[in-house]
Amino acid sequence: MKKIVFLILVLLCLTAAVAFADSKIKVVTTLPDLKSITELIGGDKVDVFAIATGFQNPHFVDPKPSYILKLSKADMFVTVGLDLETGWVPPLLNSARNTKIQKGGEGYVDASVNVPLLQVPSSVNRAEGDIHIFGNPHYWNDPLRGKQIAQSIYEGLVKASPDNQALFQANLKAFDDKIDARTKEWVARMAPYKGSKIIAYHNEWPYFEERFGLKIVDFLEPKPGIPPTPNQLVKVIGEIKRDDIKVIISSPYFTTESAELVARQTGAKVVVLATSVGAEESIKDYFDLFEHNVGKLADAFKQAYGK
Ligand SMILES: [Zn+2]
């Protein structure tokens, strides 16, 4: 008899444990930045998995089968949208066969919907391999646009778990307040370098450029997604000399040869910035991302301009 009671107790505990684990909202995000914001809004009510790492090119991620399993069990899916992940998200979503998180589904969150976009072309044109056809998709690199991303994620979480709305709302408010306060600090740190001209490898910094008052003159890629060509590099070298540009910004996933070649020819310095959470070990959340980039860029300018 005792044995039976014990067994029943064990079973009850196991059921409770399973129910507890299941009570978390299972979220899959494409990028670690979306994961970080989801965790900041969802708190301990969410269990979040990001498909891409912080040092991968977000346009080109290998759609591994293990991601399909995660997606098949997800309650919510968060994507950057604007075709940023067009090469890898549609095949993964198709294979996952989870209607909840398909485009238009209850658990599908397109983080771009509340974001004021830059570089939206008047017509959609994939000519010559351009991969930014719906406007520039790298909007998470502006901390203030992080608030609009958070708003979309908040709305998704409320749909997934209406009972926790008050908690999510409080977390959203805390996130917004912190972003506002920190952005003021970051903008102040970059203020001495306002108007500085720079060159970028890929056209993924217009939101960062706008927020921090920089002027990106040109790119090593002749078009977004097209690797640097000799013609383009000659053009850029001319621009750097003409405008006395001191800094070239690149990202962890680009090869260094062409940026270094241009640097050797001109004396400009190559600065590799983080485009996502997790690009460096110290970048653990969305706030760390800007702390890192603003610090690194301000140091490079300080060295270059001696102020
Ligand atoms: Zn891009």
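Refer to the structure printed above.
Residues numbered from 1 in each chain as written. Predicted model: local features only at pLDDT ≥ 70, side-chain atom pairs only at ≥ 80, totals over all residues. Heavy atoms only, no water.

Visitor: Can you walk me through the overall build of the chain in this structure?
Guide: Within the chain, the secondary structure is distributed over ten helices and eight strands. Overall, the C-alpha framework of the chain stretches about 90 × 40 × 35 Å when taken along its three principal axes. Put simply, 65% of the contacts in the chain that link residues at least 6 apart link residues at least 24 apart. Entry remark: accessible area of the chain is about 14800 Å², with carbon and sulfur atoms responsible for 57%. Of the side chains in the chain, 36 bear a positive and 36 a negative charge, and the two mean positions are spaced by 2 Å. (Helix = DSSP H or I, 4+ residues; strand = E, 2+ residues; numbered from the N terminus. Contact = heavy atoms within 4.5 Å. Areas by Shrake-Rupley, 256 points an atom, 1.4 Å probe, with all protein chains shown as cover. Lys, Arg positive; Asp, Glu negative; His and termini not counted. Charge placed at Lys NZ, Arg CZ, Asp CG, Glu CD.)

Visitor: Hey, could you run me through the packing of aromatic side chains in this one?
Guide: The relation between two aromatic rings is expressed through the spacing of the ring centres and the mutual angle of the planes. Evaluation of the coordinates by the stated rule reveals 14 aromatic pairs. A ring pair is formed by Phe-49 and Tyr-67, whose centres lie 6.1 Å apart and whose planes are at 45°; its orientation type is tilted. With Phe-49 in strand β2 (residues 46-50) and Tyr-67 in helix α3 (residues 65-72), this residue pair connects regions lying 18 residues apart in the sequence. Using a relative accessible area of 9% as the deciding quantity, one classes Tyr-67 as buried. For the cation-ring pair, Lys-70 lies above Phe-49, with the distance from its terminal atom to the ring centre recorded as 4.8 Å. A cation over an aromatic ring shows up here: Lys-178 above the ring of Phe-287, its NZ or CZ 4.2 Å from the ring centre. (Phe/Tyr/Trp six-rings, centres within 6.5 Å; stacked < 30°, edge-to-face > 60°. Buried < 20%, exposed > 50% of the residue type's maximum accessible area, 1.4 Å probe, protein only. Lys NZ or Arg CZ within 6 Å of the ring centre and 35° of its normal.)

Visitor: Sorry if this is basic, but what is going on with helix α4 (residues 89-96) here?
Guide: Every α-helical turn comprises 3.6 residues, leaving residues that sit three or four positions apart pointing alike. Here α4 has its buried residues at Val-89, Leu-92, Leu-93 and Ala-96. An end-on view of α4 places all buried positions within 95° of arc, on one side of the element. Tucked into the core, α4 has its buried residues touching α3, β3 (76-79) and β4 (108-110). A positive phi of about 50° marks Arg-97, the residue just after α4. (Arc of directions from axis to C-beta.)

Visitor: Quick question: what am I supposed to make of the sheet that holds β3 here?
Guide: Two orientations exist for strands paired in a sheet by backbone hydrogen bonds: parallel and antiparallel. With parallel pairing, the four strands of this open sheet are ordered in space as β2-β1-β3-β4. Sheet topology places β2 and β4 at the edges, where each strand pairs with a single neighbour. Between one strand and the next, the sheet's axes are offset by a mean angle of 20°, whatever the strand orientation. Here three bridges tie β3 to β4, and the two strands are oriented parallel to one another. Looking at β4, one finds that Val-78 is bridged to Val-109. (Pairing = 2+ DSSP bridges. Axes fitted to C-alpha atoms, helices over the stretch in contact; angles between N-to-C directions.)

Visitor: Explain the coordination of the zinc ion here, please?
Guide: Each pair of donors in an ideal octahedron of six around a metal sits at 90 or 180 degrees, and each pair in an ideal tetrahedron of four sits at 109.5 degrees. Around the zinc ion, the protein contributes the donor atoms His-59 (NE2), His-132 (NE2), His-138 (NE2) and His-202 (NE2), which lie 2.0 to 2.1 Å from the metal centre. Bound by four donor atoms, the zinc ion shows angles of 108 to 113° at the metal and therefore tetrahedral coordination geometry. Read from N- to C-terminus, the donor residues coordinating the zinc ion fall into the pattern H-x72-H-x5-H-x63-H. (Donors = N, O, S within 2.8 Å, 3.2 Å for Na, K, Ca; no water. Tetrahedral: all angles 85-135°; square planar, octahedral: opposite > 155°, others 65-115°.)

Visitor: What is the right way to read the nonpolar core from this model?
Guide: Soluble globular proteins: nonpolar side chains tend toward being buried together. Ile-41, Leu-71, Ile-149, Leu-157, Ile-249, Tyr-286 and Leu-297 are the most contacted members of the largest nonpolar core, which totals 72 residues. Of all the elements, helix α10 (residues 286-305) adds the most residues to this core, at nine residues. Contact partners of Tyr-286, with chain neighbours within four places excluded, come to Asp-33, Ser-36, Ile-37, Trp-140, Asp-142, Pro-143, Gly-146, Ile-149, Phe-175, Ile-179 and Val-277. (Core = buried A, V, L, I, M, F, W, Y, C linked by side-chain atoms within 4.5 Å.)

Visitor: Quick question: what am I supposed to make of the sheet that holds strand β5 (residues 197-200) here?
Guide: Taken together, four strands build an open sheet; the order of strands is β6-β5-β7-β8 and the sheet is parallel. The open sheet has two edge strands, β6 (215-219) and β8 (269-272), and neither has a second partner. On average, each strand axis in the sheet is inclined to that of its neighbour by 35°, with strand direction left out of account. Note: β5 against β6, four bridges, orientation parallel. Of the residues in β6, the one forming a bridge with Ile-198 is Ile-216. This element, α10, spans β5, β7 (247-250) and β8 of the sheet and lies at about 170° to β8.

Visitor: Would you mind showing me how to read the packing of helix α2 (residues 32-42) against α10 here?
Guide: Helix-helix packing is described using two parameters, namely the angle between the two axes and the distance between the axes. α10 packs onto α2 with a crossing angle of 130° between their chain directions and a minimal axis gap of 8 Å. Classified by the angle between their axes, α2 and α10 sit oblique to one another. Of the residues in α10, those in contact with Asp-33, Ser-36, Ile-37 and Leu-40 of α2 are Tyr-286, Phe-287 and Leu-289. Across the contact of α2 with α10, the residue classes break down as five nonpolar, one polar and one charged. (Parallel < 35°, antiparallel > 145°, perpendicular 65-115°, else oblique. Nonpolar A, V, L, I, M, F, W, Y, C, P; charged D, E, K, R; others polar.)

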